[in-house]
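# Working through the structure, step by step
Chain by chain, the residues run as shown.
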Amino acid sequence: MTLQPDTQAFIDMVEAANADAPPRSEQSPEYARIGYQALAHILGEGPEPAGGIEDSNLPGPAGDIPIRIYRPGGEAPHPALIFFHGGGFVTGDLQTHDKECRLLCEKAKCLVLAVDYRLAPEAPFPAAVEDAWAAVQWVAEHGDEIGIDTTRLAVGGDSAGGNLAAVTALMARDSGILLKLQMLVYPATDASKHYDSFDENEGGPLLTVEVINWFWSHYLGPQPEEEIRNDWRFSPAQAPSHLDVAPTYLATCSADPLRDEGNAYAEILMSAGVPVNHSMYEGEPHVLFQMFNVCNGAKTLIEECAAALIAAFG
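Residues numbered from 1 in each chain as written. Predicted model: local features only at pLDDT ≥ 70, side-chain atom pairs only at ≥ 80, totals over all residues. Heavy atoms only, no water.

### Observations concerning the packing of aromatic side chains
Scanning the entire structure with this criterion turns up nine aromatic pairs. On the basis of an interplanar angle of 25° and a centroid distance of 6.2 Å, the ring pair of F198 and W216 is categorised as stacked. Residue F198 is located in helix α6 (residues 196-200), and its partner W216 is located in helix α7 (residues 209-220); the two are separated by 18 residues in the primary sequence. The exposure classification of F198 matches that of W216, with both residues buried. Here the aromatic rings of Y219 and F234 are separated by 5.4 Å at their centres, their planes lie at 55°, and the arrangement is tilted. Here the residue Y219 occupies a position in helix α7, and F234 occupies one in the loop between α8 (225-229) and β7 (248-253), the gap between them amounting to 15 residues. As far as the burial class goes, Y219 and F234 line up, both buried. (Phe/Tyr/Trp six-rings, centres within 6.5 Å; stacked < 30°, edge-to-face > 60°. Helix = DSSP H or I, 4+ residues; strand = E, 2+ residues; numbered from the N terminus. Buried < 20%, exposed > 50% of the residue type's maximum accessible area, 1.4 Å probe, protein only.)

Shown next, in the form of structure tokens:
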């Protein structure tokens, strides 16, 4: 598939730098985590939030969950985005997505609370879901204690983080927590099916089907694979109902193996009467969300995410 020229130039550089790296199937989680952190470092930094940054913790089902709070300028309380990072449930942390949280805080003029949920294989499914949901519940009940307007909340994330945002949006609906938006950036939504984009974009770039299967093998752990793949907490497209879930901004990329399941999830939500703003980025790959400093498509994506948050928060 033909990529946008600025994106292709960056990918050529990354592939040249990683020419001697072992295949993902031969990498340990620790090796992959270091590689993802290195990629995030190469992709550069973001702006300093007007209200500063604070690292903290909130209570979770297996102990404290690390969080990072990005505060906008102006007087509290602020609307808030609860953000879940990508990384296949195995890699990623507060630092790999620090730039994106800074950008969203600045551009959407909202507080961003990033959640460092537990990773597999040390903590397989449903640990990440449990931590993500604990964070949403805590913010809904106690957010006012840290300057959050709990009547204006959103969840969001990219890739695996988009999966967690979609799942927690369903849980919020069922628990009576009103969310103004779910911001889903190329989310993983349905591991129960094989989509055409898995064949079209099997070799990536940046995310390959081999890597997806490696992520899933760690996230599933020793549990029954078919059973988990059909569990809506892993495949939110399989939820019994999508009625009354939060309004949605959903972005997909044409050169992404996850493209078709993201597109299908947008259709599922719209069929349930959910307001959906769906953008498909032609000639762009997975990881676009993190490429703000190197390609124009990423700039547009971040601007669209910020605009969706501003509109949702009113």
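### With respect to the nonpolar core
Grouped together as the largest cluster of nonpolar side chains are 68 residues, with contacts concentrated most on F84, L113 and F234. If near-sequence neighbours (up to four positions away) are discounted, F234 is found in contact with F89, F125, N163, A191, W216, Y219, L220, I228 and R229. Grouped together as the second largest cluster of nonpolar side chains are 40 residues, A114, F289, L301 and I302 included. (Core = buried A, V, L, I, M, F, W, Y, C linked by side-chain atoms within 4.5 Å. Contact = heavy atoms within 4.5 Å.)

### Some details on the sheet that holds strand β5 (residues 148-158)
Strands sit in the order β1-β2-β4-β3-β5-β6-β7-β8 across an open sheet of eight strands; the sheet is mixed. The strands lining the two open edges of the sheet, one partner per strand, are β1 (53-60) and β8 (276-281). When the angles between neighbouring strand axes are averaged without regard to direction, this sheet yields 20°. Contacts from helix α5 (residues 160-175) reach β3 (78-84), β5 and β6 (181-185), with the element oriented near 140° to β5. Packed on one face of the sheet, helix α9 (residues 259-271) meets β6, β7 and β8 and runs near 155° to β7. (Pairing = 2+ DSSP bridges. Axes fitted to C-alpha atoms, helices over the stretch in contact; angles between N-to-C directions.)

### Some thoughts on helix α4 (residues 127-142)
Over its 16 residues, α4 extends 22 Å from the first C-alpha to the last, a length consistent with the 22 Å expected when each residue adds 1.5 Å. For α4, every residue scored as buried is listed here: A127, A128, V129, D131, A132, W133, A134, A135, V136, W138 and V139. (Expected span 1.5 Å × (residues − 1).)

By themselves, these figures tell us nothing about what the structure is for.
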